[in-house]
Structures are given as C-alpha cells and as structure tokens.
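Next come the chains, spelled out residue by residue.
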Amino acid sequence: MARILHINASPREGSRSLAVARDFLATYQEKNPGDTVETLNLFEAKPMPFDGAVMEAKYAVLNGGDPTGEQREAWDKVIAMADHLKSFDKYVINVPMWNFGVPYVLKQYIDILTQPGITFSYTPEEGYKGLVTGKKAFVAYARGGEYPEGTDAAKIDHQKPWFNFALNFIGITDIVTVDIEGTLYGREIADARTAAASEVAKTLVSKF
C-alpha cells in the first residue's frame, strides 16, 4: 500500500487546480483502494516563519556546527516537517499561479523544507544531490493566461518551471503535470478547459 500526500496550495474551494487534483485522486483511489491519502492544506496549516532562530540554525549547520538551545528547537521543527514529507510515497499537488509565480505559502513551505542534510546534500565532487528520492508526483497547474513553451509569454512563467525545479532539486524527479490555462477567459472557457484537464489527469493515473 502506498501513502499519498495531497498538498493543496490554493485557499479557494472553487480553485481550478484543486478540482483537477481531486478528480485525479478520485480516479487513483478507485484503482488503488488500499492506498491512503492525507491532505495538507497549506493555507490552513500556516507553515512556520523562516527567520530568526531557524535561519541561525541553518547557518550553524552550513558551517559544520550543531544548533543548540532555541536554534535546536527551531531546527527540530524543520526536521519534523521534512520527515512528514518524506514519509509519503507519492504527492498530488495543486498549484494556482499568483503574479506569475506560486502562492506565498507554497514558496514558504519549500523554503522550510529545502535544507542541507535534510532534503539535499552538497559535495564538491557530486555537487547538489536531492535526498527525497524514489517518489512520484502529480502536479495540477492553473493559470489565468496561456504560457506556451518557446513564446514570449513563457519567459514570465515563474510558476511551473520554478516549482518543477524545486521538486527536482530535493530529489523528486518522477513528475507528471497537467496545465489548466485560460481560467480568466470567462466561465464557459474556464469550465471547458478544467473539464478537459481533468480528463487528461485521469489518463495519467496509470503513470502514478
């Protein structure tokens, strides 16, 4: 049995990315009834601030030291968050585009998780190496406009390229994605494109 973590990065119940992620999960669970799903709503969870003692703890680790006192307590919370992520086999993530990037809570979550010795390592010989390996991810990206590869619009897409990179960096490289584009082109178009994206998502279950 596999354990799936659904990371919801949208505060809206009517989110297009959330709708597609839920359709993907429903199809997946029909085919894999023994697997379990846990949902992490980032806007409800409110990830811890990455400042003060946490930042000092990180630099202590980067300099070869061991955090103590308040820094140790803060660093232990970071480790607990990373251990929670790593305890799952697969991830379903829905990501809306905000100001050409990702919602701030998702960026904050990634900033907390991406730590030396926890989710990545570095040596002069090997360079950077992700430590969250052997996992799979499905990501539903929703965007108000359209950002086709090779176009000028693609140059200002800091949502999908960045988040795919962030996953790759910590070792999650087996990723399938679906884009829901043109969600601000009117309800009729948005509904049609959401439905089409859901159908595509369902076909990707076999790769998950």
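Up top you'll find the structure we're talking about.
Residues numbered from 1 in each chain as written. Predicted model: local features only at pLDDT ≥ 70, side-chain atom pairs only at ≥ 80, totals over all residues. Heavy atoms only, no water.

1. Observations concerning the overall build of the protein chain
A count of helices and strands for the protein chain gives 7 helices and 7 strands. Order of helices (α) and strands (β) in the protein chain, N terminus to C terminus: β-α-β-α-α-α-β-α-β-β-β-α-β-α. In terms of overall dimensions, the protein chain has a C-alpha envelope of 55 × 45 × 35 Å along the principal axes. Counting only residues that meet the buried cut, the protein chain has 47% of its 208 residues in that class. Of the contacts made within the protein chain by residues no fewer than 6 positions apart, 75% connect residues no fewer than 24 positions apart. Here the protein chain displays about 10600 Å² of accessible surface, and carbon together with sulfur accounts for 52% of that area. (Helix = DSSP H or I, 4+ residues; strand = E, 2+ residues; numbered from the N terminus. Buried < 20%, exposed > 50% of the residue type's maximum accessible area, 1.4 Å probe, protein only. Contact = heavy atoms within 4.5 Å. Areas by Shrake-Rupley, 256 points an atom, 1.4 Å probe, with all protein chains shown as cover.)

2. Quick look at the side chain of Thr194
Inspection of the secondary structure assignment puts Thr194 in helix H7 (residues 187-203). For Thr194, a relative accessible area of 8% puts it in the buried group. In contact with Thr194, not counting residues within four places along its chain, are Arg16, Ala19, Val20 and Ile180.

3. Side note on the pairing of strand E2 (residues 36-41)
In this sheet, E2 lies alongside strand E1 (residues 3-8) in parallel orientation, the contact comprising 6 bridges. Note on E2: the bridge partner recorded for Arg3 is Thr36. In this fold, the crossover linking E1 to E2 by way of helix H1 (residues 16-31) has right-handed handedness. (Pairing = 2+ DSSP bridges. Right-handed = clockwise from strand over helix to strand, strands pointing away.)

4. Digging into the pairing of strand E4 (residues 120-123)
The pairing of E4 with strand E5 (residues 127-130) spans 4 bridges and is classified as antiparallel. Within the sheet, the bridge partner assigned to Tyr122 lies in E5 and is Tyr128. What sits between E4 and E5 in their antiparallel hairpin is a turn of 3 residues.

5. Digging into unusual backbone geometry
Keep in mind that most residues, glycine aside, have a negative phi and that most peptide bonds are trans. Phi angles above zero are rare outside glycine, and Lys46 is one such case at about 50 degrees. Mapping Lys46 onto the fold places it in the loop between helix H2 (42-45) and helix H3 (52-62). In this structure, Phe100 takes a positive phi of about 70 degrees despite not being glycine. Here Phe100 lies in the loop between strand E3 (90-96) and helix H5 (104-113).

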